[in-house]
Amino acid sequence: VPTEIVAIEEDRLVPKADLVALAEALPNTHRLHLLRSRFGHDAFLTEHEAFARILREALAECRS
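In this text, all values refer to a predicted model and were calculated from it rather than measured experimentally.

**Focus on the nonpolar core**
Step number 1: Membership of the largest hydrophobic core is limited to five residues, which are I8, L35, A43, F51 and I54.
Step number 2: Other than its neighbours up to four places away in sequence, I54 contacts V6, H33 and L35.

Below, the structure written as structure tokens:
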């Protein structure tokens, strides 16, 4: 299954290095997205536009 991974540079709970390793280990990682946010791990709650863009792009590729 194609997988999109989003890493937040400032995330202390799930470090970027862990997500890079995950992306390398998964056979069908589509993309690893690196975002910056002063909200760290909570970026998924606050960075609506960035996450919406990533989801739109991923869904558009599924349709094609």
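That was the structure; now back to the text.
**Focus: the pattern of salt bridges**
Step number 1: As enumerated under the stated definition, the model contains six salt bridges in all.
Step number 2: Across the pair E57 and R53 runs a salt bridge whose closest N-O atoms are separated by 3.9 Å. Of this pair, E57 and R53 are both found in helix α3 (residues 48-63), four residues apart, which corresponds to roughly one turn of the helix.
Step number 3: Of the residues examined, R53 reaches a relative accessible area of 36% and is grouped as partly exposed.

About the criteria used
- Residues numbered from 1 in each chain as written.
- Predicted model: local features only at pLDDT ≥ 70, side-chain atom pairs only at ≥ 80, totals over all residues.
- Heavy atoms only, no water.
- Core = buried A, V, L, I, M, F, W, Y, C linked by side-chain atoms within 4.5 Å.
- Buried < 20%, exposed > 50% of the residue type's maximum accessible area, 1.4 Å probe, protein only.
- Contact = heavy atoms within 4.5 Å.
- Salt bridge = Lys/Arg side-chain N within 4 Å of Asp/Glu carboxyl O.
- Helix = DSSP H or I, 4+ residues; strand = E, 2+ residues; numbered from the N terminus.

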